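Single-letter residue listing:
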Amino acid sequence: MSLREQITGEMKSAMKAGEKARLSTLRLVSAAIKDRDIAARAEDRCTGCEETEIMAILQKLVKQREESAVTYEKAGRLDLAEAERAEADVVREFLPKPMDAAEIAKAAETVVSELDASGLKDMGRVMGELKTRYAGRMDFGQAGAKVKHLLAGAA
């Protein structure tokens, strides 16, 4: 079942159960995906956006919610911060389990050795491969630091 179908199914369930906050968040997600579909059609991709793009949208929505929650906390609006975190939790349900630091390090080492990367000049190639393989699961900030460390040691 695709992410798009999962989100639609969960929207229907939330409607039937009368979960207003959850339904609102799922509608927001659906609208963001539809916006991306329209942009994709403008680029002559008639099928709309792909799964990887949907994952990127979901990650962006989670990040926005977390940043908003921090801003609300600083302003003393804990009720709004809690609502933002609840929305982020609903969106997170559709993302795969994130990798921990050990898994990121192992994946980085594997890709560096597979691509026979030997210096910082190969950083882009390695990061591109990591993004292809682990889209939606990996914190690429952590991965970039690990890859840089590995490649700097190799040079």
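This structure is a prediction, so every number in the text was calculated from the model and none was measured. (Residues numbered from 1 in each chain as written. Predicted model: local features only at pLDDT ≥ 70, side-chain atom pairs only at ≥ 80, totals over all residues. Heavy atoms only, no water.)

The subject of this paragraph is the pattern of salt bridges. Taken as a whole and assessed by the stated rule, the structure comprises 20 salt bridges. With a closest N to O distance of 3.8 Å, Arg 22 and Glu 19 form a salt bridge. Arg 45 is the partner of Glu 43 in a salt bridge, and the nearest nitrogen-oxygen pair spans 2.9 Å. Connected through shared salt-bridge partners, Glu 66, Glu 73, Arg 85, Asp 89 and Arg 92 make up one network. (Salt bridge = Lys/Arg side-chain N within 4 Å of Asp/Glu carboxyl O.)

The next subject is the side chain of Glu 84. With respect to the secondary-structure elements, Glu 84 resides in helix α4 (residues 78-92). Glu 84 gets classed as buried once you look at its relative accessible area, which sits at 15%. (Helix = DSSP H or I, 4+ residues; strand = E, 2+ residues; numbered from the N terminus. Buried < 20%, exposed > 50% of the residue type's maximum accessible area, 1.4 Å probe, protein only.)

Looking now at the environment of Ala 108. Considering the arrangement of structural elements, one finds Ala 108 in helix α5 (residues 101-114). The exposure class assigned to Ala 108 is buried, which follows from its relative accessible area of 0%. Spatially, the C-alpha atoms of Ala 108 and Glu 51 are 23 Å apart, while their sequence positions differ by 57 residues.

At their nearest, the axes of helix α1 (residues 3-17) and helix α3 (residues 51-74) sit 9 Å apart, and the two run at 50° to each other. In terms of orientation, α1 lies oblique with respect to α3. Of the residues in α3, those in contact with Leu 3, Arg 4 and Ile 7 of α1 are Glu 51, Ile 54, Met 55 and Leu 58. Residue classes in the contact of α1 with α3 are distributed as five nonpolar, no polar and two charged. (Axes fitted to C-alpha atoms, helices over the stretch in contact; angles between N-to-C directions. Parallel < 35°, antiparallel > 145°, perpendicular 65-115°, else oblique. Contact = heavy atoms within 4.5 Å. Nonpolar A, V, L, I, M, F, W, Y, C, P; charged D, E, K, R; others polar.)

Okay, the environment of Arg 36 next. Residue placement: Arg 36 occurs in helix α2 (residues 20-42). Looking at Arg 36, the relative accessible area reads 25%, which means it is partly exposed. Setting aside anything within four residues of it in sequence, one finds Arg 36 in contact with Glu 43, Arg 45, Cys 49, Glu 53 and Ile 57.

Formed by 20 residues in total, the largest nonpolar core has its most connected members in Val 29, Ile 33 and Leu 58. Mapped by element, the contributors of at least two residues to this core are α1, α2, α3 and α4. Among the elements that take part in this core, α3 stands out by supplying six residues, more than any other. Other than its neighbours up to four places away in sequence, Val 29 contacts Ile 7, Leu 58, Leu 61 and Val 91. (Core = buried A, V, L, I, M, F, W, Y, C linked by side-chain atoms within 4.5 Å.)

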